[in-house]
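Chains, contacts and geometry: an overview
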Amino acid sequence: MNKVKKAVIPVAGYGTRLYPASKAIKKELFPIVDRDGMAKPLIQVIIEEGIDSGIEEVCLVIREDERDAFTKYFDEPVSPELEKRLADRPWAVEETQKIADLSQRISYIIQKEQQGFGHAVYCANEWVGNEPFLLMLGDHVYVSNNHIRCVKQLIDIFLELGGNTCAVMRTLEHMLHLFGTVAGKQIPGKSRVYEVREIKEKPSVEYAEMHLQTDSLPLGEYLCFFGQYILTPDIFEYIKYLIDKNIRERGEIQLTSALEMARKDTGVFYAYETDGQRYDTGVPLSYANTVNAFAEQTYARRTR
Ligand code: UTP
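Quick caveat, the model's predicted, so the values are computed rather than measured.

The rules behind these values
Residues numbered from 1 in each chain as written. Predicted model: local features only at pLDDT ≥ 70, side-chain atom pairs only at ≥ 80, totals over all residues. Heavy atoms only, no water. Helix = DSSP H or I, 4+ residues; strand = E, 2+ residues; numbered from the N terminus. Rg over C-alpha atoms; globule rule 2.2 N^0.38 Å. Buried < 20%, exposed > 50% of the residue type's maximum accessible area, 1.4 Å probe, protein only. Contact = heavy atoms within 4.5 Å. Areas by Shrake-Rupley, 256 points an atom, 1.4 Å probe, with all protein chains shown as cover. Phe/Tyr/Trp six-rings, centres within 6.5 Å; stacked < 30°, edge-to-face > 60°. Core = buried A, V, L, I, M, F, W, Y, C linked by side-chain atoms within 4.5 Å. Near = heavy atom within 4 Å. Polar contact = N/O pair within 3.5 Å; in protein donor to acceptor, adjacent residues only side chain to side chain. Nonpolar A, V, L, I, M, F, W, Y, C, P; charged D, E, K, R; others polar.

Along the protein chain, the regular secondary structure elements total 12 helices and 13 strands. For the protein chain, the C-alpha radius of gyration of 19 Å lies close to 19 Å, the compact-globule estimate for 304 residues. In terms of principal-axis extent, the alpha carbons of the protein chain reach across some 65 × 50 × 40 Å. The buried share of the protein chain, taken over its 304 residues, is 51%. Pairs at least 24 apart in sequence give 75% of the contacts found in the protein chain among residues at least 6 apart. With the model as given, the accessible surface of the protein chain reaches about 15,000 Å², and the carbon-plus-sulfur share is 51%.

Our focus in this paragraph is the packing of aromatic side chains. Counted by the stated rule, this structure contains eight aromatic pairs. The interplanar angle of 70° and the centroid separation of 6.3 Å between the aromatic rings of Y122 and F236 together place this pair among those described as edge-to-face. With a gap of 114 residues between them, Y122 in helix α6 (residues 117-123) and F236 in helix α10 (residues 235-244) connect regions that are remote in the sequence. By relative accessible area, Y122 is classed as partly exposed at 22%. An aromatic cluster of three or more residues is present, and its members are Y122, F133 and F236.

Residue placement: V93 occurs in helix α5 (residues 90-103). Relative accessible area serves as the criterion here: at 43%, V93 is assigned to the partly exposed category. Taking the C-alpha atoms as reference points, V93 and R192, separated by 99 residues in sequence, lie 41 Å from one another. With residues up to four places along the chain from it excluded, the contact list for V93 reads L86 and A87.

Glancing now at the nonpolar core. I9, I43, I47 and L60 are the most contacted members of the largest nonpolar core, which totals 47 residues. Not counting chain neighbours up to four residues away, the residues in contact with I47 comprise I9, V58, L60, F74, L102 and I106.

Only a minority of non-glycine residues have a phi that is not negative, and only a minority of peptide bonds are not trans. In the segment running from Y19 into P20, the intervening peptide bond is cis, with an omega of 5°. Along the polypeptide, P20 turns up in the loop between β1 (6-10) and α1 (21-24). Phi at N246 takes a positive value of approximately 55°, unusual for a residue other than glycine. Structurally, the position occupied by N246 is in the loop between α10 and α11 (255-266). A residue is classified by how much of its surface remains accessible, and N246, at 47% relative accessible area, is partly exposed. Of note in the backbone geometry, R250 takes a positive phi value of approximately 50° without being a glycine.

This part takes up the site of the ligand. Around the ligand lies a shell of 18 residues, among which A12, G13, T16, R17 and Q111 are the nearest. T16 is positioned with one of its side-chain polar atoms (N or O) 2.5 Å from an oxygen atom of the ligand. Between an oxygen atom of the ligand and a side-chain N or O atom of K27, the distance comes to 3.1 Å. In isolation the ligand has 570 Å² of accessible area, and contact with the protein removes 84% of it. When the residues that make up the shell around the ligand are grouped by side-chain class, the tally is six nonpolar, eight polar and four charged.

As structure tokens, this is what we get:
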């Protein structure tokens, strides 16, 4: 099985739920204090999750008019005046170098029209080529419960099992309207790994009760997407089919529909219950909670 070296992160959405702040700053560039105590744009925290897990190259799927927002941060050197002011702060010099290193690994692909998450993933088709890749959301950050990064946990499972594998977390039924949900069967001897038998985008509670129960979970809990996927390149054929036939849900080309088609065709799809936490930053209150949760982590580390 190939090592997973490439990551795709779609960031071409409009961030309407964070309006009007998203009019001033692209939501993926909102600031957060990371666990190392550094103030960073969210997208950097997301990319570092991948790089620290062994990812070598990252593709950001962007809107045409937003390239500058990203390249200004990652590619342009700091002004000579600022450089002078930072020169006697070794931590800042180190951060500048980290950004320059990341910039070498980032490619940009344009999504011309915002036709949904699945469509954005398809835009990275040629860049990905013929190898498995990591897919992450542009508005979620993660904290592992152990010393292994959440993405690394997922990659390890993928390398062991092969086949499309998505990260999931247990979610209460009243939250199902927010998430793609899978139903599965625990694989004997692997307490966190499930063979998936159905994938459904944002199901109703009634549908979930009828079709999406996973036997080993308490009643009223379901496996919902965590926002990290390792996919084999044949997924692009399924998304292409949806695009060609104009098959949409809520007006958009959905990745979930392509995942379910791939699962039905190949009979293989795994879910891994990550030992970690997912933090959404795409909604005002969740963003505020995420900033707080990360700050608490930083404080806990410093006082240890
Ligand atoms: P979301 O639907 O959560 O982001 O998509 P959004 O569209 O920016 O949010 P709202 O609903 O307007 O507030 C998840 C990820 O997919 C990207 C987004 O940028 C986000 O990181 N995305 C979404 C695209 O790249 N293209 C799209 O057409 C849609």
